[in-house]
Amino acid sequence: MPKKIYLFATSKSEHAINVKSLDVRYLKPDIDFFKYDYLIITSKQTIKALNQYDKKDFINIPALCVSPKTADAYIKFGAKVLAVGDGYGDNLIKNINEFSKDTKWLYLRAEVIASDFVKKCKEEGYQIDEKILYVSECSQEIMDVRVDSPSVLIFTSPSSIECFLKNNSITSEDKVIVIGTTTANFLPDATEYIMSQNTSIQSCIELALQIK
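The structure contained in this document is the topic of the report that follows.

Reading guide: rules and limits
- Along each chain, numbering runs from 1 in the same order as the chain's sequence is written.
- Where totals are concerned, whole chains, interfaces and linings use all residues; where local detail is concerned, this predicted model gives features only for residues with pLDDT of at least 70, and gives and counts side-chain atom pairs only at 80 or more.
- Hydrogens are left out, water is left out, and the side-chain values use all remaining heavy atoms of the structure.
- A carboxyl oxygen of Asp or Glu within 4 Å of a side-chain nitrogen of Lys or Arg is what we treat as a salt bridge.
- Numbering of helices and strands runs from the N terminus; a helix is a DSSP stretch of H or I covering at least four residues, while a strand is a stretch of E covering at least two.
- Exposed residues in this analysis have more than 50% of their type's maximum accessible area, buried residues have under 20%, and partly exposed residues fall in between, with area computed by a 1.4 Å probe over protein chains only.
- Paired strands are those between which DSSP finds at least two bridges.
- Note on definitions: angles span 0 to 180 degrees between N-to-C directions of axes, and those axes are lines fitted to C-alpha atoms, for helices only across the stretch in contact.
- By definition, residues are in contact when any of their heavy atoms lie within 4.5 Å.
- This arc is built from the directions going out from the helix axis to the C-beta atoms.

**Considering the pattern of salt bridges**
Overall, the coordinates contain eight salt bridges when judged by the stated rule. Asp148 serves as the salt-bridge partner of Lys4, at 2.8 Å between the closest nitrogen and oxygen. Placement of Lys4 in strand β1 (residues 4-9) and of Asp148 in the loop between α5 (140-144) and β9 (151-155) is noted, with a sequence separation of 144 residues between them. For Lys4, a relative accessible area of 41% gives the class partly exposed. Across the pair Asp116 and Lys120 runs a salt bridge whose closest N-O atoms are separated by 3.6 Å. One connected set of salt bridges, linked through shared partners, spans Asp54, Lys56 and Asp57.

**Observations concerning the sheet that holds strand β8 (residues 127-138)**
One open sheet holds the six strands; their spatial order is β3-β8-β7-β4-β5-β6, and the pairing between them is mixed. Both outer strands of the open sheet, β3 (22-26) and β6 (81-84), are each paired with one neighbouring strand and no more. Each adjacent strand pair in this sheet contributes to an overall mean axis angle of 25°, direction not counted. Across four bridges, the pairing between strand β4 (residues 38-41) and strand β7 (residues 104-110) is parallel. When the sheet's bridge partners are listed, Ile41 is paired in β7 with Leu108. Each of β4, β5 (63-65) and β6 is contacted by helix α2 (residues 68-76), which is oriented at about 165° to β6, the strand it contacts most.

**Structural notes on α2**
Where α2 is concerned, the buried positions are Thr70, Ala71 and Tyr74. Mapping the buried residues of α2 onto a view down its axis gives an arc of 100°, with all of them on the same face. Its buried side turned inward, α2 meets β4, α1 (44-49), β5 and β6. Once α2 finishes, Gly78 follows within two positions and takes phi at roughly 100°, a positive value.

In short, geometric facts, not functional conclusions.
What follows is the structure, given as structure tokens:
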């Protein structure tokens, strides 16, 4: 009998039991967009948060996007993309290194982030300001869920793991799929896992469907 597939994410899939991992609360800090040459965007939630602002203030400022999926969402939003990363925040450093240290960047981010690429870039002399546009909190849905083992568990962010483990555990019978290395680092020690080939939910689902 095929194992149940649980997807812990803010997106959904028809092939899984969808458990919303986070509730998102948007913030609206004052931002003088005209001070900056480029934006840095590492999530679709940031794009949603930008709906609170007057588009004409930022729409022509190109953004460095963390992944192709984020870039696609930003283009659909009507904005310009400067460059596209490989899905990992840590690797954005090499994109930023291609520009002058006189370049003024604005990183629009969540309250809690897994990567310290901005800190490293600042230590190298790059000018990057940060504004927090949203706060992510464990959803009641993930706090209440009880998983039937053995199952396939798909984790799409460090937060999805942290929230799941508040009231659940991962057993040796479960198959664990993670979206990338940053997420994998938040698994309990000695947990066996499979990493998706691409940093996308679709890639994770395709892997899960191959597990018997």
